[in-house]
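# Architecture and fold: a report
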Amino acid sequence: MKVKIDPSWKKLLKDEFEKPYFKQLAGFVRGEYQSETIYPPPKEIFTAFDATPVDKVKVVILGQDPYHGPKQANGLCFSVKDGIRIPPSLVNIYKEISSDIGIDVPSTGNLERWAKQGVLLLNSTLTVRAHQAGSHQNRGWEEFTDAAIQQLAKTRSNLVFMLWGSYAQKKGEFLDQNNHLVLKAPHPSPLSAHRGFFGCKHFSQANEYLWMNGLLPIEW
């Protein structure tokens, strides 16, 4: 499998790559790609890390699983490839952004433009079988992405973490709120967005925090 990951992350996570669990995970994932239809494509497994180097991260958004439908997943949480119908959760994210900061809703669900500005769009699990949500959970990815978040939070200061839903909030329980801005809200899925995601104003809060800390705000 050919994977791409920015050298800054490779350095930060070098110990993780050598741990027994990760070697076991890599073997499992390699076997899955050989025998099943797996998303995203191998070269896009680490897109979140490759698109947003450690020193460029400003905001962290945590997702759970990659999309498991054809041509959807592109290695960035909540994001889909150009030309693919915008998924319901991202539709609601766009609605909140429009309400919060008054910008037009984009026509594409591809969030690469966010990643290039310093938004780490990280799923907890980085691979999935086609049409089988959660099929690669509890294989080691969660331990790896936990380590990535912990190392990033220790290495950097004044980051914004957007934790939507109980799963993401549990994953970010250890975060030092004296060193980072930690924003919490219900998940943006149609099942829960009305419980407090709409109106959370996370995007304006993030930009105000970045501005106060001498950083350029994100063009959402």
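Here's a quick rundown of the structure. (Residues numbered from 1 in each chain as written. Predicted model: local features only at pLDDT ≥ 70, side-chain atom pairs only at ≥ 80, totals over all residues. Heavy atoms only, no water.)

### Comments concerning the packing of helix α5 (residues 88-101) against helix α9 (residues 202-212)
As a packed pair, α5 and α9 sit with axes 8 Å apart at the nearest point and diverge in direction by 60 degrees. Considered as vectors, α5 and α9 are oriented oblique to each other. Contact with α5, carried on its side by Ile93, Glu96, Ile97, Asp100 and Ile101, involves His202, Phe203 and Ser204 of α9 and no other residues of that element. When the residues that make up the contact of α5 with α9 are grouped by side-chain class, the tally is four nonpolar, two polar and two charged. (Axes fitted to C-alpha atoms, helices over the stretch in contact; angles between N-to-C directions. Helix = DSSP H or I, 4+ residues; strand = E, 2+ residues; numbered from the N terminus. Parallel < 35°, antiparallel > 145°, perpendicular 65-115°, else oblique. Contact = heavy atoms within 4.5 Å. Nonpolar A, V, L, I, M, F, W, Y, C, P; charged D, E, K, R; others polar.)

### Here's the deal with the pairing of strand β5 (residues 160-164)
Within β5, five of the five residues are buried, which leaves the element mostly enclosed by the surrounding structure. Because side chains alternate across β5, one face comprises the buried residues Val160, Met162 and Trp164, and the other comprises Phe161 and Leu163, equally buried. Where strand β2 (residues 59-63) meets β5, three bridges bridge the pair, whose relative direction is parallel. Pairing of valine 60 across the sheet is with phenylalanine 161, part of β5. One ladder, built from five bridges, connects β5 with strand β6 (residues 181-185); its direction is parallel. In the sheet register, leucine 163 faces β6, and the bridge partner there is lysine 184. Regarding topology, helix α8 (residues 165-171) serves as the crossover connection from β5 to the parallel β6, and that connection is right-handed. (Buried < 20%, exposed > 50% of the residue type's maximum accessible area, 1.4 Å probe, protein only. Pairing = 2+ DSSP bridges. Right-handed = clockwise from strand over helix to strand, strands pointing away.)

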